[in-house]
Each structure stands twice: as C-alpha cells, then as structure tokens.
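Remarks on the overall topology
Listed below, chain by chain, are the residues.
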Amino acid sequence: MLFYRAALPLSSRTLTFAAGIIRRHRATIGSGWRKLNPGKQAFLVLVYLRKGETFAELAAGFGVGTATAWRYVNETVALLAARAPRLRKAVRDAKIAAEQRSDGR
C-alpha cells in the first residue's frame, strides 16, 4: 500500500475547536489511553469530512484500525452535532434576524 500526505484547506482554529470538544468529552467520560490524541483524532475526522476518504484509507494514513477510524469519526460527528442548534431553533433565529434587518434594527 502507498501512503501520501496532502494539505487540508482548513484553519488551525477549526482543528483546535474540534480537538477541544474531543478532549472535554474524554475527560467527562473518563476515557483511558487511546491510540490517537484528541488533536490527531480531530485531524482524522476533518480529513474524512473534507476529503471523503474511506475508513480504510484513514486507518492506513493515521496508523489505526479501520474500526477505530470509524469509531473516531462517529464519536466526533456526534459531539459536533450535539453542539449544533436544532432545526426549529435555527429557523426561528433566522426569521427573527431577517425581521430585524427589514425593520432596520
């Protein structure tokens, strides 16, 4: 198998944000040792989300098993989704913001 490195067009701030969420989650659940630290787990997930590589490709590139890559992605996506506003609230907030703009507020 051949390996390669590629640039990922995302800010380091994005990586830091995702790693912080993972770090806090691990502390909350009392997670023990893991193959990848929170920063590398965040990077693996961002590569998956940005480039759409397969779990096998991610696993090979980050030196983890395919199942571990899958678990890391699913865990992190769930953590990010939990922080997102619910659809109803997002629509309501957008409507309020649009009304305020049209009223000149």
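See the structure above.
1. Examining helix α4 (residues 66-83)
Taking 1.5 Å of rise per residue, 18 residues should cover 26 Å, and α4 covers 26 Å from first to last C-alpha, within 8% of that figure. Lining the buried residues of α4 we find α1 (12-29), α2 (38-51) and α3 (55-62).

2. Section: the nonpolar core
Counting residues in hydrophobic clusters, the biggest one holds 13 residues, and the most contacted among them are Leu36, Leu44, Leu58, Phe62, Val64 and Ala69. Every element with two or more residues in this core is listed here: α2, α3 and α4. Per element, the largest residue contribution to this core is four residues, and it comes from α2. Look past the residues within four positions of alanine 69 in its chain and what remains in contact with it is Leu44, Phe55, Leu58, Ala59 and Val64. If you look at the next biggest cluster of nonpolar residues, it comprises six residues, including Ile21, Ile22, Ala42 and Leu79.

3. Re the side chain of arginine 26
Here arginine 26 is to be found in helix α1. In this structure arginine 26 is buried but unpaired, with glutamate 75 as the nearest side chain of opposite charge at 5.2 Å. Leaving out residues up to four positions away in the same chain, arginine 26 has contacts with Ser31, Arg34, Leu36, Asn37, Pro38, Gln41 and Tyr72.

4. Here we look at α2
With 14 residues, α2 should cover 20 Å at 1.5 Å per step; its first-to-last C-alpha distance of 20 Å lies within 8% of that length. For α2, the full list of buried residues reads Pro38, Gln41, Ala42, Leu44, Val45, Leu46 and Val47. Against α1, α3 and α4 lie the buried residues of α2. Two or three places before glycine 39, at the opening of α2, asparagine 37 has a side-chain oxygen 3.0 Å from that residue's backbone nitrogen. Just beyond α2, the residue with positive phi is glycine 52, at close to 70°.

5. Structural notes on the packing of aromatic side chains
One pass over the structure, following the stated rule, counts two aromatic pairs. Ring plane angle 15° and centroid distance 5.0 Å describe the contact between tyrosine 48 and phenylalanine 55, whose orientation is recorded as stacked. For tyrosine 48, a relative accessible area of 25% gives the class partly exposed.

6. Thoughts on the pattern of salt bridges
The final tally for this structure, using the stated rule, is three salt bridges. The residue arginine 34 makes a salt bridge to glutamate 75 at a minimum N-O spacing of 2.8 Å. One end of the pair, arginine 34, is in the loop between α1 and α2; the other, glutamate 75, is in helix α4, with 41 residues separating them in the sequence.

7. Considering the environment of glycine 52
By secondary structure assignment, the location of glycine 52 is in the loop between α2 and α3. The spatial distance from the C-alpha of glycine 52 to the C-alpha of isoleucine 29 is 29 Å, given a sequence separation of 23 residues.

Calculation criteria
- Residues numbered from 1 in each chain as written.
- Predicted model: local features only at pLDDT ≥ 70, side-chain atom pairs only at ≥ 80, totals over all residues.
- Heavy atoms only, no water.
- Helix = DSSP H or I, 4+ residues; strand = E, 2+ residues; numbered from the N terminus.
- Expected span 1.5 Å × (residues − 1).
- Contact = heavy atoms within 4.5 Å.
- Core = buried A, V, L, I, M, F, W, Y, C linked by side-chain atoms within 4.5 Å.
- Buried < 20%, exposed > 50% of the residue type's maximum accessible area, 1.4 Å probe, protein only.
- Lys, Arg positive; Asp, Glu negative; His and termini not counted.
- Salt bridge = Lys/Arg side-chain N within 4 Å of Asp/Glu carboxyl O.
- Polar contact = N/O pair within 3.5 Å; in protein donor to acceptor, adjacent residues only side chain to side chain.
- Phe/Tyr/Trp six-rings, centres within 6.5 Å; stacked < 30°, edge-to-face > 60°.

Note that all results are geometric; they support no functional claim without further evidence.
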